[in-house]
Amino acid sequence: MEPVLANLNQMLINGNTLGQQGMFAETQGNYPGAAQWYDQSIGWIHQSMITAQQSGISIPDNIYFIFASAHFNAARVKNRLGWAPVARNHLNQSLAALNQAIVINPRIVQYHVGAGTVLMAMENLPEAERAFNTALQINPSEACSQYMLAILHSSRGNMAAANSYYASVQQVAPKMPAMSSLVTPGQGTNWLNTVNDACTLLNTVFKTIGTFQDLMKYFR
């Protein structure tokens, strides 16, 4: 491996390790610690991307995706800590990275699911709906998009559409909690909290989030 690639991948390994520590801290309820680990993880991944650009090396779509995931994790824990403005900035960074990944490789369903999830957390519901529908165009049986759309339509009081999407999810996950456990039609919704709870449920059932090790790919 060329020295520059070895250097880039070592930065990613550092980011991976710190991200794993952040996820462990989060499972222990140590949100301040998790926030710190995620910030350090973001720093190393970002440095690898800057160094790649300076070296004339293209950044693969999956590197943008892991960068987006790190920012989204940071947003979730900082929102729990009551740091809403900081969480919002992480969501903006996450969406920008996901958009870059989509430009490079628009046929990866997870990128559209991720974009929809971030947009939903940002309360941009029309664009979130569009992103989830794009994911379903690529994979009509993609359950995470179906569940998120069920929540979205439930919040609008459109129970016919919500129940249709939810029924599709139940075909692969019969014990999936009802939308009413996350959102009540006609009431105000804290969308970042709602998305965080939905992601936790989806990860429990479908193992959607994965660890940083699962997500991490390297420069080649």
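All of these numbers come straight from a predicted model, not from anything done at the bench.

A. Quick look at the overall build of the chain. Counting its secondary structure elements, the chain contains 10 helices and 0 strands. Helices and strands in the chain line up, N terminus first, as α-α-α-α-α-α-α-α-α-α. When the 220 residues of the chain are sorted by exposure, 50% land in the buried category. Counting only contacts in the chain whose residues sit at least 6 apart along the sequence, the fraction spanning at least 24 positions is 64%.

B. Looking closely at the environment of glycine 15. By secondary structure assignment, the location of glycine 15 is in helix 1 (residues 3-27). Under the relative-accessibility criterion, glycine 15 is labelled buried at 0%. Residues glycine 15 and isoleucine 45, spaced 30 residues apart in sequence, show a C-alpha to C-alpha distance of 5.5 Å.

C. Seen up close, the nonpolar core. If you look at the biggest cluster of nonpolar residues, it comprises 66 residues, and the most contacted ones within it are Leu91, Met120, Tyr147, Met148, Ile151 and Phe219. Considering every element that reaches this core, the biggest residue donor is helix 3 (residues 61-80), with 11 residues. Residue contacts for methionine 148: discarding those within four places in its chain leaves Thr117, Met120, Phe132, Val195, Ala198, Cys199 and Leu202.

D. Spotlight on the packing of aromatic side chains. Under the defined criterion, the tally for this structure stands at 2 aromatic pairs. Note on phenylalanine 65 and tyrosine 111: the rings are 5.1 Å apart at their centroids and 40° apart in plane angle, and the pair reads as tilted. Taken together, the positions of phenylalanine 65 in helix 3 and tyrosine 111 in helix 5 (residues 109-121) put the pair 46 residues apart, joining distant regions of the chain. The exposure class of phenylalanine 65 is buried, given its relative accessible area of 16%. On the accessibility criterion, tyrosine 111 (5% relative accessible area) is buried. Between tyrosine 147 and tyrosine 166, the ring centres sit 6.5 Å apart and the planes meet at 45°, which makes this aromatic pair tilted. One end of the pair, tyrosine 147, is in helix 7 (residues 143-155); the other, tyrosine 166, is in helix 8 (residues 159-172), and 19 residues separate them in sequence.

E. Quick peek at the pattern of salt bridges. Enumeration according to the criterion identifies 4 salt bridges in this entry. With its nearest N and O atoms 2.6 Å apart, the salt bridge here joins arginine 76 to glutamate 26. Remark: glutamate 26 occurs in helix 1 and arginine 76 occurs in helix 3; sequence separation between them is 50 residues. According to the relative accessible area criterion, glutamate 26 is buried, its value standing at 15%. Put simply, glutamate 129 and arginine 156 hold a salt bridge, and the shortest N to O gap is 3.0 Å. Linking glutamate 129 in helix 6 (residues 125-138) with arginine 156 in the loop between helix 7 and helix 8, this pair joins segments that are 27 residues apart in sequence. Glutamate 129 sits in the buried class, given a relative accessible area of 19%. Residue classification places arginine 156 among the partly exposed positions, given a relative accessible area of 41%.

Quick notes on the rules
Residues numbered from 1 in each chain as written. Predicted model: local features only at pLDDT ≥ 70, side-chain atom pairs only at ≥ 80, totals over all residues. Heavy atoms only, no water. Helix = DSSP H or I, 4+ residues; strand = E, 2+ residues; numbered from the N terminus. Buried < 20%, exposed > 50% of the residue type's maximum accessible area, 1.4 Å probe, protein only. Contact = heavy atoms within 4.5 Å. Core = buried A, V, L, I, M, F, W, Y, C linked by side-chain atoms within 4.5 Å. Phe/Tyr/Trp six-rings, centres within 6.5 Å; stacked < 30°, edge-to-face > 60°. Salt bridge = Lys/Arg side-chain N within 4 Å of Asp/Glu carboxyl O.

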